[in-house]
Amino acid sequence: DGTNGQGRQFAMFAPGKGVDDIKRDHENRSDFINAFFDTSAFAPVNSLPRGIYGDVPKGAISGPAQAKTDIAISRFFTLPGSDSVRLQFRGELFNALNQVNFDKPNTTATSANFGRILEADPGRIGQIALKLLW
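Quick summary incoming for the structure in this document. Small disclaimer: the values here were computed from a predicted structure and weren't measured.

### What to know about the overall build of the protein chain
Summing up its helical and strand segments, the protein chain has 1 helix and 3 strands in all. In terms of overall size, the protein chain is more extended than a compact globule, its C-alpha atoms giving a radius of gyration of 24 Å where 134 residues would be expected to give roughly 14 Å. For the protein chain, the spread of C-alpha atoms along the principal axes amounts to about 80 × 40 × 25 Å. Buried positions account for 21% of the 134 residues belonging to the protein chain. In the protein chain, of all internal contacts separated by at least 6 residues, the share reaching a separation of at least 24 is 66%. Here the protein chain has roughly 9600 Å² of accessible surface; of this, 52% comes from carbon and sulfur atoms.

### Concerning the packing of aromatic side chains
For any pair of aromatic rings, the description consists of the separation of the ring centres together with the inter-plane angle of the planes. All chains considered together, the criterion is met by 6 aromatic pairs. Between F13 and F42, the aromatic rings sit 5.9 Å apart at their centres with planes inclined by 15°, giving stacked as the arrangement. Of this pair, F13 sits in the segment before α1 (29-34) while F42 sits in the loop between α1 and β1 (71-78), and the two are 29 residues apart along the sequence. Assessed through its relative accessible area of 9%, F13 is described here as buried. Assessed through its relative accessible area of 7%, F42 is described here as buried. Counting every residue linked through ring pairs, the aromatic cluster contains F13, F37, F42 and F114. One residue, R86, lies across the ring of F76, its end atom 4.7 Å from the ring centre.

### Observations regarding the nonpolar core
F13, I22, F36, F37, A41, F42, V56, A60, F102, F114 and I117 form the largest nonpolar core, which has 11 residues in total. If we ignore the near neighbours within four places in the chain, the residues touching V56 are A11, M12, F13 and F42.

### Let's talk about unusual backbone geometry
Unusually for a residue other than glycine, N95 sits at a positive phi of about 55°. With respect to the element layout, N95 can be found in the loop between β2 (86-94) and β3 (125-133). Take N95: its relative accessible area is 4%, and that puts it in the buried class. Phi at N98 is positive, roughly 55°, even though this residue is not glycine. Tracing the chain through its elements places N98 in the loop between β2 and β3. Assessed through its relative accessible area of 39%, N98 is described here as partly exposed.

Reading guide: rules and limits
Residues numbered from 1 in each chain as written. Predicted model: local features only at pLDDT ≥ 70, side-chain atom pairs only at ≥ 80, totals over all residues. Heavy atoms only, no water. Helix = DSSP H or I, 4+ residues; strand = E, 2+ residues; numbered from the N terminus. Rg over C-alpha atoms; globule rule 2.2 N^0.38 Å. Buried < 20%, exposed > 50% of the residue type's maximum accessible area, 1.4 Å probe, protein only. Contact = heavy atoms within 4.5 Å. Areas by Shrake-Rupley, 256 points an atom, 1.4 Å probe, with all protein chains shown as cover. Phe/Tyr/Trp six-rings, centres within 6.5 Å; stacked < 30°, edge-to-face > 60°. Lys NZ or Arg CZ within 6 Å of the ring centre and 35° of its normal. Core = buried A, V, L, I, M, F, W, Y, C linked by side-chain atoms within 4.5 Å.

And the structure:
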């Protein structure tokens, strides 16, 4: 039936609300995390009869934007005595500018954390590698 599992129920807009009412402006980062979208735009799940299909379209809620900058530097060295054997030294930084990238907000309407962002992607990660090519 398209609900991806038994007992699931899709969200229903509150009377007079629609997709444009989900978005909201945020005063600060704490407000952004604790109420990413307007949860009052949805009808309380316990007030709806079980088994009805909600009217919220797929993709109505999108998560926060992500910005990551990855940097890699590598250098090849030819080993003495053989032109076909090389050594590669490589250094990499993932999310090099260490920007905070929040995960998507909780979209389970029956959860106490509905509308909240609970996690973020890892910060800057660095690695170095040595590779022998022959």
